[in-house]
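Structure assessment
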Amino acid sequence: MEERRYLISEASRETGVEAHVLRYWEEELNLEVPRNELGHRYYTREHIQLFQEIQELKEKGYQLKTIRDILYGDTAPKTDLYVPSEEEIQHQQEVKMQQFQDIMTNIMSEALIRNNPMLCQTVSSQVGDRLLKEINYAFREKEEREEERFKKLDESLRSMQKNGKARAEAAAAKPPIMAFRKKKKN
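The structure presented is a predicted model; accordingly, all values stated were derived computationally and were not measured.

**With respect to the overall build of the protein**
For the protein, the helix and strand inventory stands at 6 helices and 0 strands. Of all 186 residues assigned to the protein, the portion counted as buried reaches 16%. Within the protein, contacts between residues separated by at least 24 positions form 52% of all contacts whose residues are at least 6 apart in sequence.

Structure (structure tokens):
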């Protein structure tokens, strides 16, 4: 009986892994996949099982490089796979996150260094415009307060002048007290 051959679309359905991912795994893991007379890939039952094992390892958090070492290395045969503990997985994730943060910090630093003159000019322009508006507003308020103060001062002066005129008129209408006294003594 002839061995069953699977096309890539059938292998994809069997494993639940998309065809492009299977091709990628082939390339990255140096898997030898035979081709038919037309040059199309075909897979055997062993290939399907191998892809399922690879998928399980990927779900456990292994990178393809580690999977390649497991598949071809002398340290761990395929049947006796090492399963990392939760702490090891968490540590790997923390290390990856730190590496990601370092990369992002470097990217942001480079972007800031490259764009610093432009950023300074933009910030300076925006701050300058805002500051100018604030100063103009403060001067307008000060001028309005001074105008109000001068109006009140002017009203007070006019009131005092009006009261002073009335007193002067009243004083002029009264006979001088000293003049009467002098007449009586004579």
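Structure's up, so let's keep going.
**Things to note about the packing of helix α3 (residues 45-59) against helix α4 (residues 64-72)**
Packing of α3 against α4 brings their axes to within 10 Å, and their N-to-C directions diverge by 130°. Between α3 and α4, the angle falls in the class oblique. As α3 packs across α4, the resulting crossing turns out to be right-handed. Seen from α3, the contacting residues are L50, I54, L57 and K58; seen from α4, they are L64, I67 and L71. Of the residues contributing to the contact of α3 with α4, the split by class is 6 nonpolar, no polar and 1 charged.

**Focus: the packing of aromatic side chains**
Counted according to the given criterion, the structure contains 2 aromatic pairs. Between W25 and F51, the aromatic rings sit 6.3 Å apart at their centres with planes inclined by 40°, giving tilted as the arrangement. With W25 in helix α2 (residues 19-28) and F51 in helix α3, the pair connects residues that are 26 residues apart, well separated along the chain. Taken individually, W25 and F51 each receive the classification buried, so the pair is uniform in this respect. Ring plane angle 65° and centroid distance 5.6 Å describe the contact between Y43 and F51, whose orientation is recorded as edge-to-face. Of the two residues, Y43 and F51, neither departs from the other in class, the shared state being buried. An aromatic cluster of at least three residues, connected via ring pairs, comprises W25, Y43 and F51. The ring of Y6 carries R4 above its face, with NZ or CZ at 4.3 Å from the centroid. Note that R5 overlies the ring of Y42, its terminal NZ or CZ placed 4.0 Å from the centroid.

**Examining the packing of helix α1 (residues 8-15) against α3**
Running from amino to carboxyl end, α1 crosses α3 at an angle of 45°, the nearest separation of the two axes being 10 Å. When the axis of α1 is compared with that of α3, the two are oblique. Note on packing geometry: the crossing formed by α1 with α3 is right-handed. Taking contact as the criterion, the partners of A11, E14 and T15 in α1 are, on α3, R45, I48, F51, Q52 and Q55. A per-class count over the contact of α1 with α3 returns 3 nonpolar, 3 polar and 2 charged.

**Re the pattern of salt bridges**
By the definition in use, this model includes 4 salt bridges. Residues E14 and R45 are paired through a salt bridge, measuring 3.7 Å at the closest nitrogen-oxygen approach. With a gap of 31 residues between them, E14 in helix α1 and R45 in helix α3 connect regions that are remote in the sequence. E26 is the salt-bridge partner of R41, the closest N and O atoms lying 2.9 Å from each other.

**Comments concerning the confidence of the model for the protein**
On average, the protein scores 83 in pLDDT, and the residues at 70 or more come to 86%. The low-confidence segment residues 75-80 (pLDDT under 50) makes 4 contacts with residues lying over four places distant or belonging to another chain.

About the thresholds
- By convention here, each chain's residues receive numbers from 1 onward along its written sequence.
- Whole-chain, interface and lining totals are the exception, using all residues; otherwise, since this is a predicted model, local features are given only for residues with pLDDT of at least 70 and side-chain atom pairs are given and counted only at 80 or more.
- Side-chain numbers here rest on the full set of heavy atoms in the structure, without hydrogens or water.
- Counting from the N terminus, the helices are DSSP H or I runs at least four residues long and the strands are E runs at least two residues long.
- Under the scheme applied here, a residue whose accessible area is under 20% of the maximum for its type counts as buried, over 50% as exposed, and between as partly exposed, the area being computed with a 1.4 Å probe on protein chains only.
- When checking whether two residues touch, look at their non-hydrogen atoms; a contact exists if any pair is within 4.5 Å.
- In this description, a line fitted to the C-alpha atoms serves as the axis of each element, helices being fitted only across the stretch in contact, and the angle between N-to-C directions of two axes falls anywhere from 0 to 180 degrees.
- Working definition: roughly parallel below 35 degrees, roughly antiparallel above 145 degrees, roughly perpendicular at 65 to 115 degrees, and oblique for all remaining angles.
- By convention, the crossing between two helices is left-handed when the near helix turns anticlockwise from the far helix through less than a right angle, and right-handed when the turn is clockwise.
- Each residue receives one of three labels: charged for Asp, Glu, Lys and Arg, nonpolar for Ala, Val, Leu, Ile, Met, Phe, Trp, Tyr, Cys and Pro, and polar for the others, Gly being one of them.
- The rule is short: rings of Phe, Tyr and Trp, with Trp giving its six-membered ring, pair when the centres are within 6.5 Å, and they are stacked under 30 degrees, edge-to-face over 60, tilted in between.
- Throughout this description, the term charge over a ring refers to an Arg CZ or Lys NZ atom that lies within 6 Å of the ring centre and within 35 degrees of the ring normal.
- Just to be clear on terms, a salt bridge is a Lys or Arg side-chain nitrogen sitting within 4 Å of an Asp or Glu carboxyl oxygen.
- Scored from 0 to 100, pLDDT records how confident the predictor is in each individual residue.

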